[in-house]
Structures are given as structure tokens and as C-alpha cells.
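# Breakdown of the fold
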Amino acid sequence: GENVGLHLPTLSVQEGDNSIINCAYSNSASDYFIWYKQESGKGPQFIIDIRSNMDKRQGQRVTVLLNKTVKHLSLQIAATQPGDSAVYFCAEIQLYAGGTSYGKLTFGQGTILTVHP
Amino acid sequence: GAVVSQHPSRVICKSGTSVKIECRSLDFQATTMFWYRQFPKQSLMLMATSNEGSKATYEQGVEKDKFLINHASLTLSTLTVTSAHPEDSSFYICSARGDRAGANVLTFGAGSRLTVL
């Protein structure tokens, strides 16, 4: 089939800097959001999640911010390391749209993060 | 915990042949499995949702006769790309949703890269 799509935006940072990766989501009814990291040739790895009744959640070196007014998510990575280089995707879910909807993710565009030593 | 295994990780086939990709949940029972396709430098696109013992639900634009999905047990789902053509070359990723030790889990496989010559 026809393959139409945008190429991923990129973000380059120096080792030790903080990184901010942004994502615009599409469905105002989504109530759960996840950030994934995908290394080349591998499947997505869970980083951090946030429910729609929160606006901030912190993990180890990572923070997710949610702004429902403008349907925007961001992932902040503190003290970025070369091992953080990967593609980062946000994903959204409607948890309560129906019993089988959990797990049906809609992925955002993705951002390629490159960390220079 | 909550491991999902995909096999094969890479496959090369001739145009017109069929290829089967397996997705197994190793330490939990997956009531639902999701199949995604990812073209180079693009995001993951959901192809279909399969529930154990029932027919898969395909996303709009995905040909069900082209991409056959079988979810015959709580630990195995298969995706068969029938009469593959070069435009079917892609990275195919599954995710499995289930219950492990009383908690909802949603885990991705490592992906299968299909190259059709």
C-alpha cells in the first residue's frame, strides 16, 4: 500500500544537558498517556505514564507534564546521557471507552533524540 | 516480568510468498494482542486488535485477507502476511495486554523486520 507519512523531528543535545521532548495528542477524550523509548531495531520500552487527572509526574531522571487545555504532553529528561539516544513516542488511550479499549494505543509522531558525548 | 517474545526477529522472503510472525506472552496470559506496523522513520500504526478465541478487529485501510491474524490461545497470536510484496516490507510489532499478579500489564514485543524482495 501507499506509504505516506512525515519523517520524525530530531533533537540533538550535549551529554549532561536536560532534554525536553514535546508531543501533541489528538483525542480530548484520552485519559491515559504513556511515553515510550524505542531504540533502533527494537520494540517500544515503557518510560513513564500519566493519567488525565494529573498534570505532572516524576520518575527517575524523567518528568512528564500534561496540559489538557492545549492537548500537549512533554517529557523532560534530566542530565541526558548517550544511552538516552533513541526515538521517543507519546501514546494516548481512552481507558473507559469500553472494556476492551485498554491497550489500544494511538501513537504520536515521535522525536529522534541524539545525545552527543 | 511481563515478557512478550516475537519470532522471527528478521525475515527475508521472495515476493508472492507468505510469512508468519508469532507473538507470545511468556509469563502472563494475554487476553488481547495488538499488531502494529512501523515504516522507517515513522510512528507505529495499529493494524488490528485480536482477542483470544475471536476474530480480529482490523483498523480502517488494513486488508484482513492480506494480514491474517490468529489468536488461538492466551499466550500466542500470529500474524501472517499473505502473498507478500515489497511494499509490505516493514517492522511489525505486537503488544499484549493481560493480567499478571493482579495487575494490568501492557507489554511490547521486540518487533519483526520483514523484507520482501
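Below you will find a few notes about this structure. All of these numbers come straight from a predicted model, not from anything done at the bench. Counting restarts for each chain, with residues numbered from 1 along the sequence as it is written. Just so you know, chain letters begin at A and ligand numbers begin at 1, following the order they were written in. Thresholds applied to this predicted model are a pLDDT of at least 70 for local features of residues and 80 or more for the giving and counting of side-chain atom pairs; totals over whole chains, interfaces and linings are not thresholded and use all residues. Calculation of side-chain values draws on the structure's entire complement of heavy atoms; hydrogens and water are dropped beforehand.

Scanning chain A for helices and strands turns up zero helices and 10 strands. When the elements of chain A are put in sequence order from the N terminus, they spell out β-β-β-β-β-β-β-β-β-β. The burial tally for chain A puts 44% of its 117 residues in the buried class. Throughout, a contact is declared for two residues whenever any of their heavy atoms are within 4.5 Å. Taking as baseline every contact in chain A between residues at least 6 positions apart, the subset at least 24 positions apart corresponds to 58%. Helix numbering and strand numbering both begin at the N terminus, where a helix is a DSSP run of H or I of at least 4 residues and a strand a DSSP run of E of at least 2. For every residue, the accessible area obtained with a 1.4 Å probe (protein chains only) is divided by the maximum for its type, and the residue is called buried under 20%, exposed over 50%, and partly exposed between those limits.

Bringing the pairing of strand β8 (residues 76–81) of chain B into the picture now. Residues and elements named next belong to chain B. Of all six residues in β8, five are buried, a share of seventy percent or more. Where strand β3 (residues 19–25) and β8 come together, six bridges link them in antiparallel fashion. Each residue of the ladder has a partner; that of lysine 20, found in β8, is threonine 80. Counting the residues in the hairpin turn of strand β7 (residues 67–73) and β8 gives two residues. Strands qualify as paired when DSSP identifies two bridges or more between them.

Another aspect to go through is the sheet that holds strand β5 (residues 56–58) of chain A. What holds strands together in a sheet is hydrogen bonding between their backbones, with the strands either parallel or antiparallel. Residue and element names in this part refer to chain A. An order of β2-β7-β6-β5 is seen for the four strands of this open sheet, with the pairing classed as antiparallel. Pairing within the sheet leaves two strands with one partner each, and these edge strands are β2 (19–24) and β5. The average angle at which neighbouring strand axes cross in this sheet is 15 degrees, direction not considered. Here, axes are lines fitted to C-alpha atoms. For helices the fit covers the stretch in contact, and angles between N-to-C directions go from 0 to 180 degrees.

With that settled, the discussion passes to the sheet that holds β3(B). All names here are of chain B. What the four strands build is an open sheet, ordered β1-β3-β8-β7; its pairing is antiparallel. At either end of the open sheet lies a strand with only one pairing partner, and these are β1 (4–7) and β7. Going from strand to strand, the sheet's axes swing by 15 degrees on average, the running direction of each strand aside.

To continue, consider the interface of chain A and chain B. Between chain A and chain B, the residue contacts involve 23 residues of the former and 22 residues of the latter. Roughly 1,900 Å² of surface becomes buried between chain A and chain B when both sides are summed, with 57% attributable to carbon and sulfur atoms. Basic side-chain nitrogens of Lys or Arg form a salt bridge, by our definition, when they fall within 4 Å of a carboxyl oxygen of Asp or Glu. There are zero salt bridges connecting chain A and chain B. Residues adjacent in sequence count toward polar contacts only when both atoms are side-chain atoms; beyond that, a polar contact is any pair of N or O atoms within 3.5 Å, and within protein one must be able to donate a hydrogen and the other to accept it. Put simply, chain A and chain B have four residue pairs in polar contact (both at pLDDT 80 or more) between them. Under the grouping applied here, Gly and all other residues not named as nonpolar or charged are polar, the nonpolar ones being Ala, Val, Leu, Ile, Met, Phe, Trp, Tyr, Cys and Pro and the charged ones Asp, Glu, Lys and Arg. Across the side of chain A that touches chain B, the residue classes break down as nine nonpolar, 12 polar and two charged. Throughout, the accessible surface (probe 1.4 Å) given up by two parts as they are put together, summed over both, is called the buried area.

Attention shifts here to the state of the cysteines. Cysteine pairs can be covalently joined through their sulfur atoms, and such a bond is termed a disulfide. For the purposes of this analysis, a disulfide is any pair of cysteine sulfur atoms at a distance within 2.5 Å. Applying the stated criterion across every chain yields a total of two disulfides over all chains. Across the disulfide from A:Cys23 sits A:Cys90; the S-S distance is 1.6 Å. Taken together, the residues A:Cys23 in strand β2 and A:Cys90 in strand β8 (residues 86–93) connect sequence positions 67 residues apart. Sulfur-sulfur distance for the disulfide between B:Cys23 and B:Cys94 comes to 1.9 Å.

Turning our attention to the side chain of B:Ser90. Checked against the element boundaries, B:Ser90 lands in strand β9 (residues 90–100). The exposure class of B:Ser90 is buried, given its relative accessible area of 4%.

For B:Glu63, the location among the structural elements is in the loop between β6 (57–58) and β7. Each C-alpha atom of the pair B:Glu63 and B:Gly16 lies 16 Å from the other, and the pair is 47 residues apart in sequence.

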